[in-house]
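# Breakdown of the fold
Next come the chains, spelled out residue by residue.
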Amino acid sequence: GAVVSQHPSWVICKSGTSVKIECRSLDFQATTMFWYRQFPKQSLMLMATSNEGSKATYEQGVEKDKFLINHASLTLSTLTVTSAHPEDSSFYICSAAGQPSNTEAFFGQGTRLTVV
Amino acid sequence: GENVEQHPSTLSVQEGDSAVIKCTYSDSASNYFPWYKQELGKGPQLIIDIRSNVGEKKDQRIAVTLNKTAKHFSLHITETQPEDSAVYFCAASKGSNSGYALNFGKGTSLLVTP
């Protein structure tokens, strides 16, 4: 299957700082990327959907000014958690879907964010 | 929106036995149903999927069945092994041209004991 690489795999940051997470599709062009958040022992909750070159579409309850998503190329999307607080600590996972549109979405390995 | 229910939340089986996980969905427009295996601290890994134009799909020890009328689908793992222990998620999506936004079930923690 296709490879989606997410970086970093874990990060610890201080409250009030910003953290950027990268999601790359290594062997296909990802026209759409999805960002999910997962709390311990819970399911994946969709945060936003981004199409290359367009603004991301955020799910209800997700603050777009806090979780900045950029999808500037067909192989890279970034999620920036701005002014992070301890309650933002979570497992963030991206997935990517490429052309043609009937391909599966492949997941990155996730990023464990801990805000102290 | 789509609502995916998954049962059971935990499942313990002995090595060699079969495991069955069931999911139901609410949106009749959903047409793509993948199953993911997630190990601790890792991202979900696609293990099998099924589209609405078929009723069953099998890949070695893993099979998925789909009943569109009843809007439910199931994962079957035969001859379970300890390395099958993980959390399994079902999902459903409409497979729109903008890519697949997946709605996940709450997950099933499978434990296979030797």
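Residues numbered from 1 in each chain as written. Chains lettered and ligands numbered in written order. Predicted model: local features only at pLDDT ≥ 70, side-chain atom pairs only at ≥ 80, totals over all residues. Heavy atoms only, no water.

The next thing to look at is the interface of chain A and chain B. Listed by partner, the interface residues are 20 residues for chain A and 21 residues for chain B. Each partner contributes to the roughly 1500 Å² buried at the junction of chain A and chain B, and carbon and sulfur atoms together form 56% of this total. Run the count over chain A and chain B and you get zero salt bridges. Our count for the chain A to chain B interface comes out at four residue pairs in polar contact (both at pLDDT 80 or more). Residue assignment for the side of chain A that touches chain B shows that the elements contributing at least two residues are strand S4 (30-38), strand S5 (44-51) and strand S9 (90-98) of chain A. The element that contributes the greatest number of residues to the side of chain A that touches chain B is S4(A), accounting for four residues. Looking at the side of chain A that touches chain B residue by residue, the class counts come to nine nonpolar, ten polar and one charged. (Contact = heavy atoms within 4.5 Å. Buried area = accessible area lost by both parts, 1.4 Å probe. Salt bridge = Lys/Arg side-chain N within 4 Å of Asp/Glu carboxyl O. Polar contact = N/O pair within 3.5 Å; in protein donor to acceptor, adjacent residues only side chain to side chain. Helix = DSSP H or I, 4+ residues; strand = E, 2+ residues; numbered from the N terminus. Nonpolar A, V, L, I, M, F, W, Y, C, P; charged D, E, K, R; others polar.)

Residues and elements named next belong to chain B. Taken in spatial order, the five strands of this open sheet run S1-S3-S8-S7-S6, and their pairing is antiparallel. The sheet is open, and its two edges are formed by strand S1 (4-7) and strand S6 (56-59), each paired on a single side. Within the sheet, the average angular offset between the axes of one strand and its neighbour, ignoring direction, is 15 degrees. The pairing of strand S7 (residues 62-67) with strand S8 (residues 72-77) spans six bridges and is classified as antiparallel. The partner of Ile62 across the bridge, within S8, is Ile77. (Pairing = 2+ DSSP bridges. Axes fitted to C-alpha atoms, helices over the stretch in contact; angles between N-to-C directions.)

We now examine the state of the cysteines. All names here are of chain A. Under the criterion given, the structure shown has two disulfides over all chains. Disulfide pairing places Cys23 opposite Cys94 at an S-S distance of 2.0 Å. Here Cys23 and Cys94 share a disulfide; its torsion about the S-S bond, 80 degrees, makes the bridge right-handed. Placement of the pair is Cys23 in strand S3 (residues 19-25) and Cys94 in strand S9, with a sequence separation of 71 residues. (Disulfide = S-S within 2.5 Å.)

Next up on the list: the layout of surface pockets. Regions of empty space are outlined by a rolling probe, equal in size to a water molecule, passed over the atoms. Size it by volume and the second largest pocket reaches roughly 510 Å³. In this structure, the second largest pocket is lined by 21 residues; those nearest its centre are A:Pro40, A:Lys41, A:Gln42, B:Leu40 and B:Val87. Contributing elements (two or more residues each) for the lining of the second largest pocket: strand S9 (86-92) and strand S11 (108-113) of chain B. Split into classes, the residues belonging to the lining of the second largest pocket amount to seven nonpolar, nine polar and five charged. (1 Å grid on protein atoms, 1.4 Å probe; cavity = no way out; pocket = protein on both sides within 12 Å on 5 of 7 lines; lining within 4 Å. Points joined across faces, edges and corners; volume = space filled by probe spheres on them.)

The next subject is a nonpolar patch on the surface. Residues and elements named next belong to chain A. On the surface, Trp10, Ile12 and Val116 cluster together to form a nonpolar patch covering roughly 370 Å² of accessible area. Note on placement: Trp10 falls in strand S2 (residues 10-13). You can call Trp10 exposed: its relative accessible area is 58%. (Patch = residues over 30% accessible without salt bridge, like charges linked within 9 Å, V, L, I, M, F, W, Y side chains within 5 Å. Areas by Shrake-Rupley, 256 points an atom, 1.4 Å probe, with all protein chains shown as cover. Buried < 20%, exposed > 50% of the residue type's maximum accessible area, 1.4 Å probe, protein only.)

Moving on: the nonpolar core. In this structure, A:Val4, A:Trp35, A:Phe67, A:Leu79, A:Tyr92 and A:Leu113 are the most contacted members of the largest nonpolar core, which totals 25 residues. Of all elements in the fold, only S2, S3, S4, S5, strand S7 (67-73), strand S8 (76-81), S9 and strand S11 (111-115) of chain A reach the threshold of two or more residues within this core. Setting aside its immediate chain neighbours within four residues, A:Leu79 contacts A:Val19, A:Lys20, A:Ile21, A:Trp35, A:Phe67, A:Leu68, A:Ile69 and A:Tyr92. Counting 24 residues, the second-largest nonpolar core is a separate cluster that includes B:Val4, B:Ala19, B:Ile47 and B:Ile62. (Core = buried A, V, L, I, M, F, W, Y, C linked by side-chain atoms within 4.5 Å.)

This part covers the pattern of salt bridges. As enumerated under the stated definition, the model contains seven salt bridges over all chains in all. Measuring nitrogen to oxygen at the nearest pair gives 2.9 Å for the salt bridge that ties A:Asp88 to A:Lys66. Taken together, the positions of A:Asp88 in the loop between S8 and S9 and A:Lys66 in the loop between strand S6 (57-58) and S7 put the pair 22 residues apart, joining distant regions of the chain. For the pair shown, A:Asp88 and A:Lys66 are each scored as buried. Note that B:Lys42 and B:Glu39 form a salt bridge whose closest N and O atoms lie 3.5 Å from each other. For B:Lys42, a relative accessible area of 45% translates into the label partly exposed.

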